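# Observations on chain architecture
The chain contents come next:
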Amino acid sequence: WTPMPGAETYVSASNMNADPYYTKLQTLEEMGNETYPENIFLTCKYSYLDEGVSFSQENATPIVREFNEEGEFHEVRPCEVISRDDSQQLYTVQLFNHWSTDPNEVIFLYDDVIVTNFPRRAITFADDLYTTDQFLLNAFRHPIMVPDDLFPRAWMDHLDDADDTEDELDEL
C-alpha cells in the first residue's frame, strides 16, 4: 500500500476544528492567496428563514441580520468570514446554500445574506463531499467475517434453501 498523491498535505476538518491555531478565523482579506485546504470549507450553524420572500434582482441590496441566540440552529450552511471583532470574538459572515438546504430556507441567487455578531462556537470546518479517507481509491478494505452460526437462521436475508429454514424452525 502506498499513500495517494497529495496525502502529505491532507488535513481533516476534525483536526482543524481541534487545532487551537484555528480558534481565531481569518477573513478572506487576511487570507489573501492562502486559502484553506481544497477539501475544507467553513460552515455556520444558522437558521435562515426569509419571512418576506422577495424575488431579488441582480442589483439587490444585501440582507443583513444580527445573530440571534434564541434561534434554532438546525441548518448548517457554507459561509465565509467577512470581518472579525477580536474584542468580543464575534464575526460577520456571509451565508451560502448547501446542496442539502431545506427549500424553505434557500437563499436566492442574487441575495447576499450577511449575519453580524456571529459567535465562533457556531462556526466549524467541514470536509467537502467525497474527500475523507473512506473515499480514497486505495483505501484498505477487508470483508468483515462474521460466522454464519452467530445469528439465528431465521434472521438471515439470503437463505440457501427455504426448506432448511422450515426444518430449523421446526427444531426450535
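Check the entry above for the structure.
Every value quoted in this text rests on a predicted model; they were computed, and no experiment measured them.

## Let's talk about a nonpolar patch on the surface
On the surface, a nonpolar cluster with roughly 600 Å² of combined accessible area is contributed by I144, V146, L150, F151 and W155. With a relative accessible area of 63%, W155 lands in the exposed category.

## Notes on the sheet that holds strand β4 (residues 90–95)
Reading across the sheet, the six strands line up as β2-β5-β4-β3-β1-β6 and stay open at both edges, with mixed pairing between neighbours. On the outer flanks of this sheet lie β2 (63–66) and β6 (123–127), each paired with one strand and no other. Neighbouring strand axes in the sheet, compared pairwise and without regard to direction, differ in orientation by 45° on average. Pairing between strand β1 (residues 40–45) and strand β3 (residues 76–85): three bridges, direction antiparallel. Looking at β3, one finds that C44 is bridged to R77.

## Some thoughts on the packing of aromatic side chains
Throughout the structure, instances matching the rule amount to nine aromatic pairs. Pairing Y22 with F125 gives two aromatic rings, centres 5.4 Å apart and planes at 75°, and the pair type is edge-to-face. You can see Y22 sitting in the loop between α1 (13–18) and α2 (28–31) and its partner F125 sitting in strand β6, a full 103 residues away along the chain. An angle of 50° between the planes, with centres 6.0 Å apart, marks the rings of Y46 and F118 as tilted. Taken together, the positions of Y46 in the loop between β1 and β2 and F118 in strand β5 (residues 113–119) put the pair 72 residues apart, joining distant regions of the chain. Here Y46 matches F118 in class, with each residue buried. Ring pairing ties together the aromatic residues Y21, Y22, Y36 and F125, which thus form one cluster.

Cut-off values and rules
- Within each chain, residue numbers correspond to sequence positions counted from 1 in written order.
- A pLDDT threshold of at least 70 governs which residues receive local features in this predicted model, and a stricter bar of 80 or more applies before side-chain atom pairs are shown or counted, although totals over entire chains, interfaces and linings include all residues.
- Only hydrogens and water are set aside; all other atoms, that is, all heavy atoms of the structure, feed into the side-chain values.
- Patch definition: residues with relative accessible area over 30% and no salt bridge; like charges joined within 9 Å; nonpolar side chains (Val, Leu, Ile, Met, Phe, Trp, Tyr) joined within 5 Å.
- Calculation of accessible area relied on Shrake-Rupley with a 1.4 Å probe; when residues are assessed, cover is drawn exclusively from the protein chains displayed.
- Salt bridges are defined as contacts in which a side-chain nitrogen from Lys or Arg sits within 4 Å of a carboxyl oxygen from Asp or Glu.
- Per-residue accessibility, obtained with a 1.4 Å probe over protein chains only, is compared with the maximum for each type, and a residue is labelled buried under 20%, exposed over 50%, and partly exposed between these values.
- Being paired, for any two strands, means DSSP has found at least two bridges between them.
- What counts as a helix is a DSSP run of H or I of at least four residues, what counts as a strand is a run of E of at least two, and both are numbered from the N terminus.
- Note on method: axes are straight lines fitted to C-alpha atoms, helices fitted across the in-contact stretch only, with angles between N-to-C directions ranging 0 to 180 degrees.
- Here the aromatic set is Phe, Tyr and Trp, taking the six-membered ring for Trp, and pairing holds for ring centres within 6.5 Å; pairs whose planes are under 30 degrees apart are stacked, those over 60 apart are edge-to-face, and all others are tilted.

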